[in-house]
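# Structural overview for review
Each chain, letter by letter, is given below.
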Amino acid sequence: MEMKKRVSLELRNRNPAELAELLVDNCRSSDGEVEGLTDEYKELEILSMVNIGLNSLAKLPSLPKLRKLDVSDNTISGGLDKLAEKCPNLTYLNLSGNKVKELSTIEALQNLKNLKSLDLYSCEVTTLDDYRGGVFELLPQLTYLDGYDQEDNEVPDSEAEDDDEAGPHGDDDDEDDDDEEDDEDDLSDGEEDEVGLSYLMKEGIQDEEDDGDYVDEEEEEEDGDDGVRGEKRKRDVEDDGDDGEEEEEDDDDDE
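The secondary structure content of the protein amounts to five helices and six strands. Moving toward the C terminus, one meets the helices and strands of the protein in the order α-β-β-β-α-β-β-α-β-α-α. Within the span of the protein, comprising 255 residues, buried residues form 31% of the whole. Put simply, 54% of the contacts in the protein that link residues at least 6 apart link residues at least 24 apart. Total accessible area on the protein stands at roughly 16200 Å², and carbon and sulfur atoms take up 41% of it.

If you want it as structure tokens, here you go:
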């Protein structure tokens, strides 16, 4: 999508003067210049133009309230002198992944008196000897270079979050989603453990009840056998008695 069309879509029928933040990442500049932005965007504070094929900022309009500018992953190699004129209140600038090779290229940033944070990741200039010392000496107003101050202290979380607003790529949202999914997985595992425990407890109780029934049945069977044996003994005794009476009758007949 061309940059002009993308800017128009992001505007969403609003007045340009009402817009405070504009993100047009991953669209395409037809001639390597800023397109679709005018001086009407005077209230703009955050502008992100990541990976849109920029090789110059010469046509950047006047944005007096702009604080954060992210133009990473482009092919900018110079022309930074326009920033102090067009964006005098800039505090954060991300030039990572551009064609910045020499310290002299960023010398023009000296006129950005409010600049506190500068990112030059993946630029050739970072391979120079004493790169960090040279940048801090060249830009004394700078507090953080590539996320660290002169004593190698990392940018505090609060300031880093503010800087991310200039070029959000959805990383934080993805991590939050992963955390929520992990929480849900943990919760599911807990619920499954509880269900499994309850099931095992019920199984144990049922086994005990079944064992009791089994014992009772055995006892009943034993009682039943005793009863049968008792009845058999009683019948045997009665039969013996009958046999005795018959013998006595036979003796009487003989007499």
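So that's the structure; there's more coming.
Attention now moves to helix 1 (residues 3-11). Taken as a whole, helix 1 has its buried residues at Met-3, Arg-6, Val-7, Glu-10 and Leu-11. One face of helix 1 carries all of its buried residues, which in axial projection span an arc of 140°. Opposite the buried face of helix 1, by more than 90 degrees, sit the exposed residues Lys-4 and Lys-5. Those residues of helix 1 that are buried lie in contact with strand 1 (21-23). Looking one or two places after helix 1, you find Arg-12, whose phi comes out positive at around 55°.

What follows covers the environment of Leu-90. Relative to the elements of secondary structure, Leu-90 occurs in the loop between helix 2 (81-86) and strand 4 (92-94). Of the residues examined, Leu-90 reaches a relative accessible area of 0% and is grouped as buried. Sequence-wise, Leu-90 and Pro-64 are 26 residues apart; in three dimensions their C-alpha atoms are separated by 8.6 Å. Not counting residues within four places of it along the chain, the set of residues in contact with Leu-90 comprises Leu-66, Arg-67, Lys-68, Leu-69, Leu-112, Asn-114 and Leu-115.

With that out of the way, let us pick up the confidence of the model for the protein. Looking at the protein as a whole, the pLDDT averages 78, with 62% of positions reaching at least 70. Within the model, pLDDT remains below 50 along residues 214-221, and this stretch shows zero contacts once partners closer than five positions in the same chain are excluded. Here residues 246-255 is modelled with pLDDT under 50, and outside its nearest four sequence neighbours on either side it reaches zero contacts, counting other chains as well.

Moving on to the pattern of salt bridges. Using the criterion set out here, one finds six salt bridges in the structure. The partner of Asp-31 in a salt bridge is Lys-59, and the shortest N-O contact between them spans 3.9 Å. Taken together, the positions of Asp-31 in the loop between strand 1 and strand 2 (46-48) and Lys-59 in the loop between strand 2 and strand 3 (68-70) put the pair 28 residues apart, joining distant regions of the chain. Since its relative accessible area comes to 49%, Lys-59 is described here as partly exposed. Between Glu-45 and Arg-67 there is a salt bridge, and its shortest N-O distance comes to 3.3 Å. Here Glu-45, found in the loop between strand 1 and strand 2, pairs with Arg-67, found in the loop between strand 2 and strand 3; they are 22 residues apart in sequence, far enough to count as distant. Note on Arg-67: relative accessible area 29%, which makes it partly exposed.

A few words now on the environment of Leu-103. Mapping Leu-103 onto the fold places it in the loop between strand 4 and strand 5 (117-119). Residue classification places Leu-103 among the partly exposed positions, given a relative accessible area of 25%. Residues Leu-103 and Tyr-131, spaced 28 residues apart in sequence, show a C-alpha to C-alpha distance of 8.3 Å.

Cut-offs and rules
Residues numbered from 1 in each chain as written. Predicted model: local features only at pLDDT ≥ 70, side-chain atom pairs only at ≥ 80, totals over all residues. Heavy atoms only, no water. Helix = DSSP H or I, 4+ residues; strand = E, 2+ residues; numbered from the N terminus. Buried < 20%, exposed > 50% of the residue type's maximum accessible area, 1.4 Å probe, protein only. Contact = heavy atoms within 4.5 Å. Areas by Shrake-Rupley, 256 points an atom, 1.4 Å probe, with all protein chains shown as cover. Arc of directions from axis to C-beta. pLDDT = per-residue confidence, 0-100. Salt bridge = Lys/Arg side-chain N within 4 Å of Asp/Glu carboxyl O.

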